[in-house]
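An overview of the molecular structure
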Amino acid sequence: MSAHVIVIGGGLVGSAVAFGLLGEGQDVTILDEGDIALRASRGNFGLVWVQSKGDGMPEYAQWTRRSADLWSGFAEELADESGVETGYAKPGGMHLLLSEEALEARRDLNNRMHNVNGAAGYGAEILDRKALLEVLPGIGPDVVGGSYSPHDGHTNPLRTLRGLHGAIARRGGRYISGAGAQSITRDGEGYAVETPKGTFRGDRVVLAAGHGNKWLGPDVGLDIPLRPQKGQILVSERTAPFLPMPTHVVRQTDEGSVMFGDSHEDTGYGDTSSTDVIRDLSANAIRCFPHLASLRIVRSWGAVRVLSTDGFPIYQESESHPGVFSVNCHSGVTLAAAHALELAPMIAAGALSPELGVFSAKRFSHD
Amino acid sequence: MTDPSPRRLDESGAPVRFEFEGREIVAREGDSVALALAASGIRHLRDSVVSGDPRGMYCMMGTCFDCLVEIDGQPNRQACMTPVSEGLNVRIQRGAPVVGESA
Ligand SMILES: Cc1cc2nc3c(=O)[nH]c(=O)nc-3n(C[C@H](O)[C@H](O)[C@H](O)COP(=O)(O)OP(=O)(O)OC[C@H]3O[C@@H](n4cnc5c(N)ncnc54)[C@H](O)[C@@H]3O)c2cc1C
Ligand code: FES
């Protein structure tokens, strides 16, 4: 049965869901706010990252792993349909450790994850400095070890988003910019979404507007608790390949640029760069890889993460407004494959499967 | 990739000489390296890191990073942001340079 689904938000989350819905034969219109919007999908680091995800919620660890397993096929599908190579690679990933305490804390985390998920579901192992030097010979003297997971990888997030938009158009989906949703109301069996570009009608609605979900939710009986968290990123000039796998602080792109990331700030919805954070990011990256000190930085930016208050994704169908789904997550790059290939088919079928029940926003209400 | 008939609109300014791939280029004071090369009919400044295809100037204002060349042994210099000076040694940049001490 084909329905007309309106997806509100054309970032990585909305686009991945829209791509998957079209693959299930649904008719899809994406309404997107426009260039002035807060857009995490255009400012992120590009990791497809499994290790460390889901401490405290094993279902999230498994869901993340599921997405990482689907990513290669997903990237191929996007390239075939859109002609855009996402630059996805899965050489494994390394979390570098700069002190014995950090190493022990990480060992504990990895052990916890193993105990809960089993080796197959997680699989990060601690490497001591000697073992680490064999994989990453460029590390600095302060690095005491690393945590390695073969399930980690990275991609170019902008090309991933462009690939999705290209493939969506090829599958017959519509993307409408400058169409920020202002309200959602019932309209017969379906819903009407009011925007500056006019009113759009759909049988179903997917809220994938990032922070916008917080403001749209009340229209449809959903309380989506989200908080902003800024991350800043630096990009260097291109340099010959020196880093065979991404780390959580720096990664080298397929074109040779080095990205420095991993800052976390609570500065509301502001996304400006600031000197102190840029300084710390650089200093930390240079501690990890001293030869980066001679690289010139060519660009920097800030972007605002979309975090639920406990950091785990929110997937939920509204009880008062059936057919309206809310989708929110932090790691929208990592989860893009699962959103397209697992979540979208559930929405197309009209209900989230019970295994996603733990991700409901009901977990935040304590009554 | 050379331009067969480059044309300089403003001929004023004292001549400044530098080398591009061993060839002498006569620029004018105040030119950028990219401008001087364009005015001499040279458009091929580097080879793409990814495809190896030739690349040249694009924005001429420091934002696109397409015009990277090696100047006096230092790679990744933006030709459009570097003023000419007497005796510079400019070379085509081939692929991704090794920057700093190699790992
Ligand atoms: C610095 C940083 C680093 C990150 N690193 C990683 C990483 O390495 N790996 C990873 O997996 N994730 C990473 N993330 C997270 C990832 O970028 C996000 O999870 C993902 O981009 C969220 O996508 P989204 O579509 O939900 O949100 P957004 O990209 O914010 O998109 C929301 C969209 O909704 C639209 N919108 C808003 N309101 C409305 C409205 N009322 N009507 C219509 N449209 C509306 C906006 O125009 C926008 O396009 C990072 C994020 C940041 C900020
Ligand atoms: S031509 Fe664009 S940076 Fe030089």
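Structural data are supplied above this passage.
Residues numbered from 1 in each chain as written. Chains lettered and ligands numbered in written order. Predicted model: local features only at pLDDT ≥ 70, side-chain atom pairs only at ≥ 80, totals over all residues. Heavy atoms only, no water.

Next up on the list: the overall build of chain B. For chain B, the helix and strand inventory stands at one helix and seven strands. Reading the helices (α) and strands (β) of chain B from amino to carboxyl end gives β-β-α-β-β-β-β-β. Relative to a compact globule of 103 residues, whose C-alpha radius of gyration would be 13 Å, chain B shows 13 Å and is just as compact. If you line up chain B on its principal axes, its C-alpha atoms span 45 × 25 × 25 Å. (Helix = DSSP H or I, 4+ residues; strand = E, 2+ residues; numbered from the N terminus. Rg over C-alpha atoms; globule rule 2.2 N^0.38 Å.)

Contact residues are listed per partner, giving 13 residues for chain A and 16 residues for chain B. Carbon and sulfur atoms make up 59% of the area that chain A and chain B hide from each other, which totals about 1,200 Å². On the chain A side of the contact with chain B, A:Arg238, A:His291 and A:Arg296 bury the most area, a combined 39% of that side's loss. At the junction of chain A with chain B, the criterion picks out seven residue pairs in polar contact (both at pLDDT 80 or more). (Contact = heavy atoms within 4.5 Å. Buried area = accessible area lost by both parts, 1.4 Å probe. Polar contact = N/O pair within 3.5 Å; in protein donor to acceptor, adjacent residues only side chain to side chain.)

Residues and elements named next belong to chain A. Around ligand 1 lies a shell of 37 residues, among which Asp32, Ser41, Ala181, His330 and Gly332 are the nearest. One of the backbone N or O atoms of leucine 12 is found 3.3 Å from an oxygen atom in ligand 1. With respect to ligand 1, the backbone of valine 333 contributes an N or O atom lying 3.2 Å from an oxygen atom. Here ligand 1 loses 95% of its free accessible area of 1,000 Å² to cover by the protein chains. When residues of the shell around ligand 1 are traced back to their parent elements, those giving at least two are helix 1 (12-23), helix 6 (212-216), strand 13 (226-236) and strand 16 (297-308). Ranked by residue count, the leading element in the shell around ligand 1 is strand 16, at three residues. Of the residues that constitute the shell around ligand 1, the class distribution is 18 nonpolar, 15 polar and four charged. (Near = heavy atom within 4 Å. Areas by Shrake-Rupley, 256 points an atom, 1.4 Å probe, with all protein chains shown as cover. Nonpolar A, V, L, I, M, F, W, Y, C, P; charged D, E, K, R; others polar.)

Quick look at the pattern of salt bridges now. Residues and elements named next belong to chain A. The full count for this structure, using the stated rule, is 26 salt bridges over all chains. We note a salt bridge from aspartate 27 to arginine 174, for which the minimum N-O separation is 3.1 Å. Taken together, the residues aspartate 27 in strand 2 (residues 27-31) and arginine 174 in strand 8 (residues 174-176) connect sequence positions 147 residues apart. With relative accessibility at 32%, the residue aspartate 27 sits in the partly exposed group. With a closest N to O distance of 2.8 Å, arginine 39 and aspartate 32 form a salt bridge. Considered together, arginine 39 and aspartate 32 belong to a single accessibility category, that of buried residues. Each of the salt bridges in this network shares a partner with another, and the network as a whole consists of Arg159, Arg238, Asp254 and Glu255. (Salt bridge = Lys/Arg side-chain N within 4 Å of Asp/Glu carboxyl O. Buried < 20%, exposed > 50% of the residue type's maximum accessible area, 1.4 Å probe, protein only.)

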